[in-house]
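# Architecture and fold: a report
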2 protein chains.
Amino acid sequence: MRRIKIKELLASGEPGQKVIVKGWVRTFRSNRFIAINDGSTINNLQAVVDFENMPEELLRRVTTSAAISVVGVVAESMGKGQRIELQVEQLEILGDSHPEEYPLQPKKHSMEFLRENAHLRPRTNTISAVYRLRHALAFAVHKFFNDKGFYYMHTPIVTGSDAEGAGETFRVTTLDPVNPPKTEEGKVNYAEDFFGKETNLTVSGQLEAEVGAMSMGEVYTFGPTFRAENSNTTRHLAEFWMIEPEMAFYDLEDNMDLAEEMVKFLINYVLENYPEDMEFLDKRAADEEKSKPQKERWEMGLVERLKFVVDNSFERITYTKAIEILENSKPHKKKQFKVPVEWGIDLGSEHERFLVEKHFKKPVIITDYPKDIKAFYMKQNDDGKTVRAMDILFPGIGEIIGGAQREESFSKLQQRMAEMDIPESELWWYLDLRKFGTAPHSGYGLGFERIVQFVSGMGNIRDVIPFPRTPKNAEF
Amino acid sequence: MRRIKIKELLASGEPGQKVIVKGWVRTFRSNRFIAINDGSTINNLQAVVDFENMPEELLRRVTTSAAISVVGVVAESMGKGQRIELQVEQLEILGDSHPEEYPLQPKKHSMEFLRENAHLRPRTNTISAVYRLRHALAFAVHKFFNDKGFYYMHTPIVTGSDAEGAGETFRVTTLDPVNPPKTEEGKVNYAEDFFGKETNLTVSGQLEAEVGAMSMGEVYTFGPTFRAENSNTTRHLAEFWMIEPEMAFYDLEDNMDLAEEMVKFLINYVLENYPEDMEFLDKRAADEEKSKPQKERWEMGLVERLKFVVDNSFERITYTKAIEILENSKPHKKKQFKVPVEWGIDLGSEHERFLVEKHFKKPVIITDYPKDIKAFYMKQNDDGKTVRAMDILFPGIGEIIGGAQREESFSKLQQRMAEMDIPESELWWYLDLRKFGTAPHSGYGLGFERIVQFVSGMGNIRDVIPFPRTPKNAEF
């Protein structure tokens, strides 16, 4: 007799069937009802023991989070919310869990306390549901791109330059930390370092992904990226996962179409394939809402707003139009924005939220930003002022995707790099892509944790990745 | 009219159909036949131009690796090896490629030269085929585990300890490299570093994956890992990708069954879904063989040996039995092994190759190694000498998978950590897994590049990852 997973048993178990189930005790009520969970589903199996015919010392070891193995016969359940239960014939304790020492008592713990116990928190309903969704979304990403003929590309984690200038980086080194070798000028002599030069952790795989696009046609990355920013917020991690598709022969319209289609596919995939976890998280989000002040509450429930995103076209407007709307808005006229609105500003969270949550009440794609607030590699428009950038803004989350059509002109790219002091010696290969068979191409980046947050309704990004890395924290 | 990808066009294009194709010029023969490739397939589309009715200055720009867009009508092809071709009506040069400056001339380049041009090498047949296979294998990994109900888990890249002791590590830091803050004893004061302690790049996600197994049941990782070893070989990278499944309630037999099933699934997936790339690589491997001395040649062709692996059970023997076989072998008796065989030695490549390639002539799984040559976390056998380890050895590649049943006993694990000087203060959370509901569990690691090498037949691991990281090399 092979072990059956609880998910399978609950879905297809038939009364009279004899099975082995293994898992961890969630609760043990009335010396009779053991709720067992094995991680395969959010639902527990109810295992019913005949306590009069079981050794008392064995039953005493059935405590929260003890690992057990039970052999039993499936029976129809009288309990509500469950079709079947298990009449236990044999019970074995695989691993005890001392009820007073076990950190996660059967009560509500703060998310912060759970973070300190990141090695045990996936034994809770909330975190295990989030991790299953994280898996679901990751798989859906691969499925979406594979079905479209994109190729997954592993871009390097250790890189020789922070050419993109996307943020502060972590240095990677094997040099003696106390007495590193020095050059005659007293600088660290990185020629003696492992890679023979100064290296750091990647902030984006985009530039390398463009190599893939300009040969394989359509590629995507899905890997870890790093920012050494001292941001202690509910939206920032020092280590996070990014998805970066890059496509030859795509203009900005094609790029936006793909991004919108992808996001909708991801959300639909989860709604269709993980209804039980979504139902649980929907209720959880509704409970959370009750503790918030009225004006901070969502107008819609979690699942409702996911369906809303799937069912509606994203609004597409230019940056210039967005500024116009903001200039004509009440908060602007009443001087309620902290950063006053004028053409050229980098839109802040307050502006984005107004556009998305108040004005359009749906996801918004803003295009054609001023070139001075965007990266060097974006395609310059003929107006000399703007670039073919696009940011997708989501309610509650803000920017979830940032992308652009890339500058394909060698001379324009070269000039922009010079203006922005980006050394050609580091990006000779990137320039080469414009020298040998350049073509229009586009791409974007999706912060994976942002979409997991949006879909799961979790307020803090530290609760959607198993072991978050943040300033002063690299535990586990 | 939307662009059609060449893979789709070659598979389903019908004579008379009018299409747009975009891609890069591979060759241009007789001022008439353009071979276009867009990365979607190894096969080129033959586009036929009517040179008498095309401007000569336009045709002169149809050079190797120029990006072009053509509108044309599908026609049956007279050429051999192709069902259809395209009669060009409009030709547009999207991006020129100066024929004398373009580094990859239409001739055979050394793999080393291609590595120096890693930004252009996926425009070659060999490397593009390898990258498509790499994608195929990665997707197959996710599909295999997803279909089985495993959850993908992102374990941390930056970690606070090298507890596994699996090798030399890279330090991750934001401290001033020249004058780092120091403690009173003159050591670097890592309390002031970004994460508040000394951190490095992960060598394995296994220990954190066990957290997943002991709550979610069955999980796997697929992410980058790092070794700061000064190994300049055809089998080592400083940055490589690993797949590490961890499963609760699996013993070593279950673990071996899963690993064998997975490897066979991956190979089958590629053979079934990427026949054209495999056919190309099969021929390429056969050509390579001809340049090797007779005794170094494979007995079977590439595809033949992949099918052989799929069709045969892997041999399963204990380490003790392996030593016996080696002691009775000709090379041992003739003193041909560099490292003499005796119980307790770490098997070297010479021993492994004898067992796999000469004795059993198929993949071999060796189990129950001496505990002194294996990691602290492996389950101890009752003999007091061996642990429940398993290594899978492949012809040509050597160890492709290493795994074990994990030690589930708190006291045995604690004792082994003490013996091996592994501080409990760093792995308190790992010990906790044995304290609160421990259970038998197992897992293994597959070096992703090793399987890509085996399936593609590439001799050097640097040619199966887009941007290899090796000692003194972090270019691109």
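Small disclaimer: the values here were computed from a predicted structure and weren't measured.

### Comments concerning the overall build of chain A
Of the regular secondary structure elements, chain A holds 14 helices and 16 strands. Out of the 476 residues belonging to chain A, those deemed buried represent 59%. Counting only contacts in chain A whose residues sit at least 6 apart along the sequence, the fraction spanning at least 24 positions is 68%. Of the accessible surface of chain A, which amounts to about 19,500 Å², a share of 46% is contributed by carbon and sulfur atoms.

### As for the domain arrangement of chain A
All names here are of chain A. Here the domain parsing of chain A yields domain 1 (6-102) and domain 2 (123-168 + 203-463). Taking only C-alpha atoms, the centre of domain 1 and the centre of domain 2 are 44 Å apart. Between domain 1 and domain 2, the residue contacts involve nine residues of the former and eight residues of the latter. Buried area between domain 1 and domain 2, summed over both chains or domains, comes out near 730 Å², and the portion from carbon and sulfur atoms is 39%. For the pair domain 1 and domain 2, the interface holds zero salt bridges. In this structure, the connection of domain 1 to domain 2 is made through five residue pairs in polar contact (both at pLDDT 80 or more). Of the residues belonging to the side of domain 1 that touches domain 2, the class tally is three nonpolar, five polar and one charged.

### Quick notes on the sheet that holds strand β2 (residues 33-37) of chain A
Working definition: the strands of a sheet are paired by backbone hydrogen bonds and lie parallel or antiparallel to each other. Residues and elements named next belong to chain A. Taken together, the five strands give a closed barrel; going around it, the order is β1-β2-β3-β5-β4, and neighbouring strands pair in mixed fashion. Direction aside, the axes of adjacent strands within the sheet are offset by 55° on average. With seven bridges connecting them, strand β1 (residues 18-29) and strand β4 (residues 67-76) associate as antiparallel partners. Following the sheet pairing, Ile 20 is matched in β4 by Val 71.

### Re the sheet that holds strand β8 (residues 171-173) of chain B
Taken in spatial order, the six strands make up an open sheet running β7(A)-β9(A)-β8(A)-β8(B)-β9(B)-β7(B), and their pairing is antiparallel. The sheet terminates laterally at β7 (158-159) of chain A together with β7 (158-159) of chain B, the two strands that pair on one side only. Across two bridges, the pairing between strand β8 (residues 171-173) of chain A and strand β9 (residues 199-201) of chain A is antiparallel. Of the residues in β9 of chain A, the one forming a bridge with Val 172 of chain A is Thr 199 of chain A.

### Some remarks on the pattern of salt bridges
Residue and element names in this part refer to chain A. A full pass over the atoms with the stated rule returns 65 salt bridges over all chains. In this structure, Asp 372 and Arg 416 form a salt bridge, with 3.5 Å as the shortest nitrogen-oxygen distance. Remark: Arg 416 occurs in helix α12 (residues 410-419) and Asp 372 occurs in the loop between β13 (364-370) and β14 (386-394); sequence separation between them is 44 residues. For Arg 416, a relative accessible area of 8% translates into the label buried.

### Focus on the interface of chain A and chain B
Put simply, an interface is often sized by how much accessible area is lost when its parts join up. The interface of chain A with chain B comprises 117 residues on the first partner and 117 residues on the second. When chain A packs against chain B, the two sides together hide about 9,300 Å² of surface, and 63% of this comes from carbon and sulfur. Between the two partners, chain A and chain B, sit six salt bridges. For Arg 3 of chain B, the salt bridge goes to Glu 218 of chain A, with nearest N and O atoms at 3.6 Å. Across the contact surface, chain A and chain B share 41 residue pairs in polar contact (both at pLDDT 80 or more). It is helix α4 (residues 125-147) of chain A that provides the largest number of residues to the side of chain A that touches chain B, a total of 10 residues. Looking at the side of chain A that touches chain B, its residues break down into 58 nonpolar, 31 polar and 28 charged.

### Concerning the relation of the copies chain A and chain B
Under the fitted operation, chain A is carried onto chain B by 0.0 Å of movement along the axis and a turn of 180°, and the coordinates agree to an RMSD of 0.0 Å. Within this description, the copies of the chain are treated as partners about a two-fold rotation axis. Among all residues of chain A, the minimum C-alpha distance to the rotation axis is found for Val 172 of chain A, at 2.5 Å. With an isologous cut-off of 70% or more, the 100% of interface residues of chain A that recur at the interface of chain B puts this contact in the isologous class.

### Focus: the side chain of Gln 46 of chain A
All names here are of chain A. As for its position among the elements, Gln 46 is in strand β3 (residues 45-48). Judged by its relative accessible area of 13%, Gln 46 is buried. Among the polar contacts made by the side chain of Gln 46, one reaches the side chain of Glu 85 at a distance of 3.0 Å. Excluding its chain neighbours within four sequence positions, the residues that come into contact with Gln 46 are Arg 29, Phe 33, Ile 34, Ser 77, Gln 82, Glu 85 and Leu 86.

### Examining the environment of Arg 121 of chain A
Residues and elements named next belong to chain A. Here Arg 121 shows up in the loop between α3 (111-116) and α4. Assessed through its relative accessible area of 0%, Arg 121 is described here as buried. Arg 121 has contacts with Leu 104, Leu 114, Arg 115, Ile 127, Tyr 131, Arg 462, Asp 463, Ile 465, Pro 466 and Pro 468, leaving out every residue within four places of it along the chain.

### Some words on the side chain of Glu 449 of chain A
Residue and element names in this part refer to chain A. On the secondary structure map, Glu 449 appears in helix α14 (residues 448-456). Residue Glu 449 is classed as buried on the basis of its relative accessible area, which comes to 2%. Filtering out sequence-adjacent residues up to four positions away, Glu 449 remains in contact with Arg 134, Leu 237, Phe 240, Trp 241, Ile 461, Val 464 and Ile 465.

### Some remarks on the packing of aromatic side chains
Residues and elements named next belong to chain B. Counted under the stated rule, the structure contains 51 aromatic pairs over all chains. Relative to Phe 394, the ring of Phe 314 lies with its centre 5.8 Å away and its plane at 85°, an arrangement referred to as edge-to-face. With Phe 314 in the loop between α8 (302-311) and β12 (315-318) and Phe 394 in strand β14 (residues 386-394), this residue pair connects regions lying 80 residues apart in the sequence. For Phe 314, a relative accessible area of 4% puts it in the buried group.

### Some words on the nonpolar core
Grouped together as the largest cluster of nonpolar side chains are 248 residues, with contacts concentrated most on Phe 145, Ile 366 and Ile 401 of chain A together with Phe 145, Ile 366 and Ile 401 of chain B. Ignoring anything within four residues of it in the chain, the contact list for Ile 366 of chain B reads Ile 317, Thr 318, Tyr 319, Ala 322, Leu 347, Leu 355, Ala 389, Met 390, Asp 391 and Leu 393 of chain B.

### Comments concerning unusual backbone geometry
If a residue is not glycine, its phi is most likely negative; likewise, a peptide bond is most likely trans. Residues and elements named next belong to chain B. Residues other than glycine seldom take positive phi values, yet Phe 249 does so here, at roughly 70°. Given a relative accessible area of 8%, Phe 249 falls into the buried group. Of note, the phi angle at Lys 361 is positive, near 55°, even though the residue is not glycine. Of note, Lys 361 is situated in the loop between α11 (349-360) and β13 (364-370). Here Lys 361 falls in the partly exposed class, since its relative accessible area comes to 44%.

### Some thoughts on the packing of helix α5 (residues 206-216) of chain A against helix α13 (residues 428-435) of chain A
Residue and element names in this part refer to chain A. Packing of α5 against α13 leaves a shortest axis separation of 10 Å and a crossing angle of 30°. Judged by the inter-axis angle, α5 sits roughly parallel to α13. You can see that α5 and α13 cross each other, and the crossing is left-handed. In this structure, α5 uses Gln 206, Leu 207, Glu 208, Glu 210, Val 211 and Met 214 to contact α13, whose residues at the interface are Trp 429, Tyr 430, Leu 433 and Arg 434. Classifying every residue of the contact of α5 with α13 by side-chain character gives six nonpolar, one polar and three charged.

### What to know about the environment of Ala 228 of chain B
Mapping Ala 228 of chain B onto the fold places it in the loop between β10 (218-226) and β11 (239-248). According to the relative accessible area criterion, Ala 228 of chain B is buried, its value standing at 7%. Placed 57 residues apart in sequence, Ala 228 of chain B and Arg 171 of chain B show a C-alpha to C-alpha distance of 9.6 Å. The residues touching Ala 228 of chain B, leaving out its near neighbours within four places in the chain, are Thr 174 and Phe 194 of chain A together with Glu 168, Thr 169 and Phe 170 of chain B.

Rules of the game
Residues numbered from 1 in each chain as written. Chains lettered and ligands numbered in written order. Predicted model: local features only at pLDDT ≥ 70, side-chain atom pairs only at ≥ 80, totals over all residues. Heavy atoms only, no water. Helix = DSSP H or I, 4+ residues; strand = E, 2+ residues; numbered from the N terminus. Buried < 20%, exposed > 50% of the residue type's maximum accessible area, 1.4 Å probe, protein only. Contact = heavy atoms within 4.5 Å. Areas by Shrake-Rupley, 256 points an atom, 1.4 Å probe, with all protein chains shown as cover. Domains from an automatic or database assignment. Buried area = accessible area lost by both parts, 1.4 Å probe. Salt bridge = Lys/Arg side-chain N within 4 Å of Asp/Glu carboxyl O. Polar contact = N/O pair within 3.5 Å; in protein donor to acceptor, adjacent residues only side chain to side chain. Nonpolar A, V, L, I, M, F, W, Y, C, P; charged D, E, K, R; others polar. Pairing = 2+ DSSP bridges. Axes fitted to C-alpha atoms, helices over the stretch in contact; angles between N-to-C directions. Least-squares fit on C-alpha atoms with pLDDT ≥ 70 in both. Phe/Tyr/Trp six-rings, centres within 6.5 Å; stacked < 30°, edge-to-face > 60°. Core = buried A, V, L, I, M, F, W, Y, C linked by side-chain atoms within 4.5 Å. Parallel < 35°, antiparallel > 145°, perpendicular 65-115°, else oblique. Left-handed = near helix turned anticlockwise from the far one by under 90°.

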